[in-house]
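Breakdown of the fold
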Amino acid sequence: MTLRETLWTMAGSMVTGLVLALFAVLQAPFNALTSLIGVGVVIMYFRKFDRKGHRITFVVFSILYYLMSVFMIAVYQYIPAQT
C-alpha cells in the first residue's frame, strides 16, 4: 500500500465513519441525506480501489471512526455546559 492509497483510505473511512455517526444522531429527513452521502463515498472508494485488502481496511477503519465519532458526539451532547 503506497502513501497515496493510505491517505485515500484514511480520508474515505473517516468521512464514512463520521457520516454514519451523523446518521445515528440526526432526525428523519436529514439522516436519509447522510446515508446517501455515505453510500456515495463507499461507491467512489470501491471503484477507485478494487483489491480485497484495501476494501477490508476501509471497512475496519470506517467502523472504528464511527465508534469514535458516536462517542465524541455523545460526550458533547451530555456534558453540561459550564457557566
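What comes next is a walk through the structure. Position numbers for residues count from 1 along each chain, tracking the sequence in the order it is written. Residue-level local features of this predicted model are given only where pLDDT is at least 70; pairs of side-chain atoms are given and counted only at 80 or more, and the full residue set underlies all totals for whole chains, interfaces and linings. Hydrogen atoms and water are omitted, and side-chain values are computed over all heavy atoms in the structure.

**Observations concerning the overall build of the chain**
Where helices and strands are cited, they refer to DSSP runs of H or I of at least four residues and of E of at least two residues respectively, numbered from the N terminus. Tallying secondary structure elements over the chain gives 3 helices and 0 strands in all. Along the chain, helices and strands appear, N-terminal first, in the series α-α-α. Counting only C-alpha atoms and orienting by the principal axes, one finds that the chain spans roughly 50 × 25 × 15 Å. Taking all contacts inside the chain whose residues are at least 6 apart in sequence as the whole, residues at least 24 apart take part in 71%. Computed with the Shrake-Rupley method and a 1.4 Å probe, the accessible areas treat only the protein chains shown as cover for residues. Of the accessible surface of the chain, which amounts to about 6200 Å², a share of 74% is contributed by carbon and sulfur atoms. What makes two residues a contact is simply this: any of their non-hydrogen atoms within 4.5 Å.

**Observations concerning a nonpolar patch on the surface**
Side chains of Ile-56, Val-59, Val-60, Phe-61, Ile-63, Leu-64 and Leu-67 sit close together on the surface and give an oily, nonpolar patch of about 600 Å² of accessible area. Take Val-60: its relative accessible area is 42%, and that puts it in the partly exposed class. A patch is a set of surface residues, each over 30% in relative accessible area and not in a salt bridge, joined within 9 Å for like charges and within 5 Å for the nonpolar side chains Val, Leu, Ile, Met, Phe, Trp and Tyr. Salt-bridge detection follows one rule: a side-chain nitrogen of Lys or Arg within 4 Å of a carboxyl oxygen of Asp or Glu. For the exposure calls, accessible area comes from a 1.4 Å probe over protein chains only, and a residue counts as buried if that area is under 20% of its type's maximum, exposed if over 50%, partly exposed in between.

**Thoughts on helix H3 (residues 52–78)**
Between its first and last C-alpha atoms H3 spans 39 Å; for 27 residues at 1.5 Å apiece the expected length is 39 Å, and the two agree. Listing the buried residues of H3 in full gives His-54, Phe-58, Ser-62, Tyr-65, Ser-69 and Ile-73. Residue count minus one, scaled by 1.5 Å, sets the expected span of a helix.

**Re the packing of aromatic side chains**
A pair of Phe, Tyr and Trp rings is counted when the ring centres sit within 6.5 Å of each other, with Trp represented by its six-membered ring. The angle between the planes then sorts it: under 30 degrees is stacked, over 60 is edge-to-face, the rest tilted. As enumerated under the stated definition, the model contains 4 aromatic pairs in all. Both rings, one in Tyr-45 and one in Phe-49, keep their centres 4.9 Å apart while their planes meet at 45°; by these two values the pair is tilted. Summarising the burial analysis for this pair, Tyr-45 and Phe-49 share the class buried. Ring centres of Phe-46 and Phe-58 lie 5.9 Å apart, and the angle between their planes is 70°; this geometry places the pair in the edge-to-face category.

**A short note on the packing of helix H1 (residues 3–25) against H3**
Between N-to-C directions, angles span 0 to 180 degrees; the directions come from axes that are lines fitted to C-alpha atoms, helices contributing only their stretch in contact. Their axes nearest at 7 Å, the elements H1 and H3 cross at an angle of 45°. Taken together, the axes of H1 and H3 are oblique relative to one another. In the packing of H1 onto H3, the handedness of the crossing is right-handed. Under the convention adopted here, Pro, Cys and the residues Ala, Val, Leu, Ile, Met, Phe, Trp and Tyr are nonpolar, Asp, Glu, Lys and Arg are charged, and Gly plus all remaining residues are polar. When the residues that make up the contact of H1 with H3 are grouped by side-chain class, the tally is 14 nonpolar, 10 polar and 1 charged. When an angle is under 35 degrees it counts as roughly parallel; over 145 it counts as roughly antiparallel; between 65 and 115 it counts as roughly perpendicular; any other value is oblique. Here a crossing is called left-handed whenever its near helix is offset anticlockwise from the far helix by less than a right angle, and right-handed whenever the offset is clockwise.

**Quick word on the environment of Met-72**
With respect to the element layout, Met-72 can be found in helix H3. In the structure, Met-72 is positioned 51 residues away from Ala-21 in sequence and 9.8 Å away in space, judged by C-alpha atoms.

**Concerning helix H2 (residues 28–48)**
Here H2 is 21 residues long and its end C-alpha atoms lie 31 Å apart, about the 30 Å a rise of 1.5 Å per residue gives. Inspection of H2 places Asn-31, Thr-34, Gly-38, Val-41 and Tyr-45 among the buried residues, and these make up the whole buried set. The buried side chains of H2 occupy one side of the element, clustering within an arc of 80° when seen end-on. The exposed set on the far side of H2, more than 90 degrees from its buried face, consists of Ala-28, Pro-29, Leu-33, Leu-36 and Arg-47. Throughout, the arc means the angular range of directions from the helix axis out to the C-beta atoms.

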